[in-house]
Amino acid sequence: MKFNEQRIIILKEFPLEEIKTRKFKEVMDRFGFKKALFVLDKSNPVLEKSSRNLSDIKMIKSEGINVYDLLDHEYIVLLEPTVRMIEGALLA
């Protein structure tokens, strides 16, 4: 359903150079993400710390992906390496 509504977004990368909640929020507003789940391939302290004060944004690693979070968030944002990791886990 989220795929059909174009609410699953795959980004090649999310280049945020410094920990700034304001800059992260600007990007979220520009994309129109209200309540988003970010699935990361590995720990990304810059993204995690920049988003931790935003109550509608959640960051998880691909190993922690679960059905509740997928259904609870309006948008799912995947980084390209994360998609490969999920594909590998499903094909194994």
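In what follows, the structure referred to is the one given above.
Residues numbered from 1 in each chain as written. Predicted model: local features only at pLDDT ≥ 70, side-chain atom pairs only at ≥ 80, totals over all residues. Heavy atoms only, no water.

This paragraph deals with the side chain of serine 62. Along the chain, the position of serine 62 falls in the loop between β3 (57-61) and α3 (67-72). Those residues in contact with serine 62 that lie beyond four places of it in its chain are Val39, Leu40, Asp41, Thr82, Met85 and Ile86. (Helix = DSSP H or I, 4+ residues; strand = E, 2+ residues; numbered from the N terminus. Contact = heavy atoms within 4.5 Å.)

This paragraph deals with unusual backbone geometry. Excluding glycine, residues mostly carry a negative phi; peptide bonds, for their part, are mostly trans. Despite not being glycine, glutamine 6 shows a phi value in the positive range, around 55 degrees. Residue position: glutamine 6 is located in the segment before β1 (8-11). Residue glutamine 6 is classed as exposed on the basis of its relative accessible area, which comes to 65%. (Buried < 20%, exposed > 50% of the residue type's maximum accessible area, 1.4 Å probe, protein only.)

Inspection of the entire model under this criterion finds seven salt bridges. The partner of glutamate 5 in a salt bridge is arginine 7, with the nearest N and O atoms 3.3 Å apart. Classification of glutamate 5 by relative accessible area gives partly exposed; the value is 43%. Across the salt bridge formed by glutamate 74 and arginine 7, the nearest N and O atoms sit 2.6 Å from each other. Here glutamate 74 is found in the loop between α3 and β4 (75-79), whereas its partner arginine 7 is found in the segment before β1, with 67 residues between them in sequence. Look at the salt bridges and you will find they share partners, linking Glu5, Arg7 and Glu74 into a network. (Salt bridge = Lys/Arg side-chain N within 4 Å of Asp/Glu carboxyl O.)

The full count for this structure, using the stated rule, is five aromatic pairs. Ring plane angle 35 degrees and centroid distance 5.5 Å describe the contact between phenylalanine 14 and phenylalanine 24, whose orientation is recorded as tilted. Residue phenylalanine 14 is located in the loop between β1 and α1 (21-31), and its partner phenylalanine 24 is located in helix α1; the two are separated by 10 residues in the primary sequence. Overall, the relative accessible area of 12% leaves phenylalanine 14 in the buried class. Ring geometry for phenylalanine 31 against phenylalanine 33: centres 5.2 Å apart, planes inclined by 10 degrees, an arrangement best described as stacked. Exposure remark for phenylalanine 33: the relative accessible area of 7% places this residue in the buried category. (Phe/Tyr/Trp six-rings, centres within 6.5 Å; stacked < 30°, edge-to-face > 60°.)

The buried fraction of β4 is high, at five of five residues. In β4, alternate side chains face the same way, and those of Tyr75, Val77 and Leu79 on one face and Ile76 and Leu78 on the other are all buried. By the bridge criterion, four bridges tie β1 to β4 in an arrangement that is parallel. When the sheet's bridge partners are listed, isoleucine 10 is paired in β4 with leucine 78. (Pairing = 2+ DSSP bridges.)

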